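# Structure at a glance
These are the residues of each chain, in order.
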Amino acid sequence: MEELIFENRKFVQNMRKNIISSFTKEYKFLSSGIIGQSVCGRSIDYIWLGNRAEANLWVAAHHGMEWITSMLVLKFLRNICEIIKKGDEFCGINLNGCFKKKGLVIIPCLNPDGVDINFQGSLAAGRYAKFIEETSHGNLISWQANARGVDLNHNYSAGWEELHKLEEKNGILKPCSTRFGGLKPISEPETKALTSFCSKNNFKLAIAFHSQGEEIYWDYGLNTPKYSENIANILALSSGYKVSKPEGLAVGGGFKDWFIENLKRPAFTIEIGEGKNPLPASCLNEIYYKIEKMLFISALI
Ligand SMILES: [Zn+2]
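We now examine the overall build of the protein. Secondary structure summary: the protein contains 10 helices and 10 strands in total. Taken against the 2.2 N^0.38 rule, which gives 19 Å for 301 residues, the C-alpha radius of gyration of the protein at 18 Å falls within 12% of a compact globule. Considering only C-alpha atoms, the protein reaches an extent of 55 × 45 × 35 Å along its principal axes. Burial status across the protein gives 58% buried among its 301 residues. Across the protein, every contact between residues at least 6 apart in sequence was considered, and the portion connecting residues at least 24 apart equals 79%. Surface exposure of the protein reaches about 12,900 Å², of which carbon and sulfur atoms provide 51%. The distance from the centre of the 35 positive side-chain charges to the centre of the 32 negative ones in the protein is 5 Å.

Now for the sheet that holds strand 8 (residues 215–217). Taking strand neighbours across the sheet as the criterion, the eight strands line up as 1-2-6-3-7-10-8-9 in an open arrangement whose pairing is mixed. Edge positions in the sheet fall to strand 1 (30–37) and strand 9 (242–244), since each of these pairs with one other strand and no more. Along the sheet, successive strands turn relative to each other by an average axial angle of 25°, direction set aside. Bridging between strand 1 and strand 2 (residues 43–50) involves seven bridges; their strand directions are antiparallel.

Now for the layout of surface pockets. Taken as a whole, the largest pocket holds about 690 Å³ of empty space. Taken together, 32 residues line the largest pocket, and the ones lying closest to its centre are His63, Glu66, His210, Ala250 and Glu271. When residues of the lining of the largest pocket are traced back to their parent elements, those giving at least two are helix 5 (129–136), strand 7 (206–211), strand 8, helix 9 (255–263) and strand 10 (267–272).

Turning our eyes to something else, we now look at the packing of aromatic side chains. Applying the stated criterion across every chain, the model contains 17 aromatic pairs. Judged by centre distance (4.9 Å) and plane angle (50°), the rings of tryptophan 67 and phenylalanine 119 are tilted. Of this pair, tryptophan 67 sits in the loop between strand 3 (55–60) and helix 2 (68–86) while phenylalanine 119 sits in helix 4 (residues 112–120), placing them 52 residues apart in sequence. For phenylalanine 119, a relative accessible area of 18% corresponds to the buried category. Taken together, a centroid distance of 5.5 Å and an interplanar angle of 50° make the contact between phenylalanine 197 and phenylalanine 203 tilted. Each of the two residues, phenylalanine 197 as well as phenylalanine 203, counts as buried. Among the aromatic side chains, those forming a connected cluster through ring pairs are Trp58, Phe76, Phe90, Phe209 and Phe296.

For the zinc ion, the full set of protein donor atoms is His63 (ND1), Glu66 (OE), Glu66 (OE) and His210 (ND1), at a range of 2.0 to 2.5 Å. Considering all four donor atoms around the zinc ion, angles at the metal cover 55 to 150° and the coordination shape is irregular. Donor residues for the zinc ion sit on one chain with the sequence pattern H-x2-E-x143-H. Accessibility assignment for this pair places histidine 63 and glutamate 66 in one class, buried.

A word on the environment of leucine 57. Residue position: leucine 57 is located in strand 3. A C-alpha to C-alpha distance of 21 Å links leucine 57 and tyrosine 289, two positions 232 residues apart in sequence. Leaving out residues up to four positions away in the same chain, leucine 57 has contacts with Val105, Ile107, Leu194, Phe197, Cys198, Phe203, Leu205, Ala206, Ile207 and Phe255.

Right, let's talk about the side chain of lysine 102 for a bit. Relative to the helices and strands, lysine 102 is located in the loop between helix 3 (95–101) and strand 6 (103–107). No salt bridge is formed by the buried lysine 102, whose closest oppositely charged neighbour, glutamate 54, lies at an N-O distance of 5.0 Å. Leaving out residues up to four positions away in the same chain, lysine 102 has contacts with Leu49, Gly50, Asn51, Glu54, Asn56, Lys204, Ala299, Leu300 and Ile301.

Let us now look at the environment of asparagine 233. Mapped onto the elements of the fold, asparagine 233 is located in helix 8 (residues 228–239). With a relative accessible area of 34%, asparagine 233 lands in the partly exposed category. Between the C-alpha atoms of asparagine 233 and alanine 250, which are 17 residues apart in sequence, the distance is 20 Å.

Right, let's talk about the pairing of strand 3 for a bit. The element strand 3 is extensively covered by neighbouring structure, given that six of its six residues are classed as buried. Of the two faces of strand 3, the one lined by Ala55, Leu57 and Val59 and the one lined by Asn56, Trp58 and Ala60 are each fully buried. The pairing of strand 3 with strand 6 spans five bridges and is parallel. Within strand 6, the position partnered with leucine 57 by the bridge is valine 105. Relative to strand 7, strand 3 is paired through four bridges, and the arrangement is parallel. Across the sheet, residue valine 59 finds its bridge partner in strand 7, namely alanine 208.

This part covers the pattern of salt bridges. Following the criterion strictly, the structure yields 12 salt bridges and no others. Across the pair aspartate 257 and lysine 256 runs a salt bridge whose closest N-O atoms are separated by 2.7 Å. Its relative accessible area of 3% is what places aspartate 257 among the buried residues. One network of salt bridges, in which partners are shared, links Arg16, Arg42, Asp113 and Asp116.

What counts, and at which threshold
Residues numbered from 1 in each chain as written. Predicted model: local features only at pLDDT ≥ 70, side-chain atom pairs only at ≥ 80, totals over all residues. Heavy atoms only, no water. Helix = DSSP H or I, 4+ residues; strand = E, 2+ residues; numbered from the N terminus. Rg over C-alpha atoms; globule rule 2.2 N^0.38 Å. Buried < 20%, exposed > 50% of the residue type's maximum accessible area, 1.4 Å probe, protein only. Contact = heavy atoms within 4.5 Å. Areas by Shrake-Rupley, 256 points an atom, 1.4 Å probe, with all protein chains shown as cover. Lys, Arg positive; Asp, Glu negative; His and termini not counted. Charge placed at Lys NZ, Arg CZ, Asp CG, Glu CD. Pairing = 2+ DSSP bridges. Axes fitted to C-alpha atoms, helices over the stretch in contact; angles between N-to-C directions. 1 Å grid on protein atoms, 1.4 Å probe; cavity = no way out; pocket = protein on both sides within 12 Å on 5 of 7 lines; lining within 4 Å. Points joined across faces, edges and corners; volume = space filled by probe spheres on them. Phe/Tyr/Trp six-rings, centres within 6.5 Å; stacked < 30°, edge-to-face > 60°. Donors = N, O, S within 2.8 Å, 3.2 Å for Na, K, Ca; no water. Tetrahedral: all angles 85-135°; square planar, octahedral: opposite > 155°, others 65-115°. Salt bridge = Lys/Arg side-chain N within 4 Å of Asp/Glu carboxyl O.

That is the geometry; function is a separate question.
Structural data, given as structure tokens:
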């Protein structure tokens with residue numbers, strides 16, 4: 001199978017689709033599907049590995065310029081599938097046996113419009129192209145929101161009102177490239193699709209991948225499970241990342257917060273890599289090998 005080389009290639013919807021279909025063709029034990037569609041009608045895909053009743057959920061690319069998180073989860077999936085196919089072990093663990101008991105569901109790109117705007121410019125936003133041009137002032141590689149200017153990770157219903165007030169205090173009053181949480185919680189097709197997918201499936205734990213900062217967030221309010229902090233510490237120990245608490249405009253409104261508050265199960269935000277967003281694709285291998293053990297643990301825990 002062709003090696004995954006993302007560098008210098010536009011990581012847009014077609015390429016992501018091709019990767020997913022090549023995976024499901026090559027690895028018959030995978031299944032894939034769609035959780036919904038973005039504002040511009042791009043499909044939001046998932047890939048399912050292993051046990052359907054005992055799965056953890058990973059979500060990448062809530063934010064447009066954090067597309068490296070999509071590459072990371074696909075690279076991990078490819079590696080894990082190769083190990084399973086060959087019947088090999090990872091760190092002495094028989095993965096074939098593990099994924100009979102455990103499952104992993106990956107949504108590689110929750111914000112396909114935002115990612116494609118980063119690579120292809122405003123035209124990727126269809127009828128929102130003019131809005132994107134005017135709002136971004138030409139700085140499209142910093143576009144974080146969806147195609148109509150809502151920051152998906154500010155749009156969830158956990159602590160949304162408080163976050164909305166804070167956004168207003170900070171002068172974020174209308175749709176823009178980052179940190180506007182929408183006019184009401186879960187107003188966007190992307191956040192609607194993800195929350196409904198979670199409500200229909202009994203995921204044991206969720207991880208949202210963002211970039212950057214090499215940090216792990218685990219805490220949100222009274223429903224945070226007691227063992228979440230322990231899991232965060234294990235993840236930190238296995239990667240060298242630090243366990244952190246969010247502040248200011250990073251508190252509430254996020255997917256991790258919604259998952260903890262509504263499903264009362266552990267959820268984490270992991271900020272991968274270090275540097276200035278968008279982290280270049282050339283950083284991918286270095287980031288990946290630093291946290292490969294953490295990825296295995298967070299898939300199987
Ligand atoms: Zn982010």
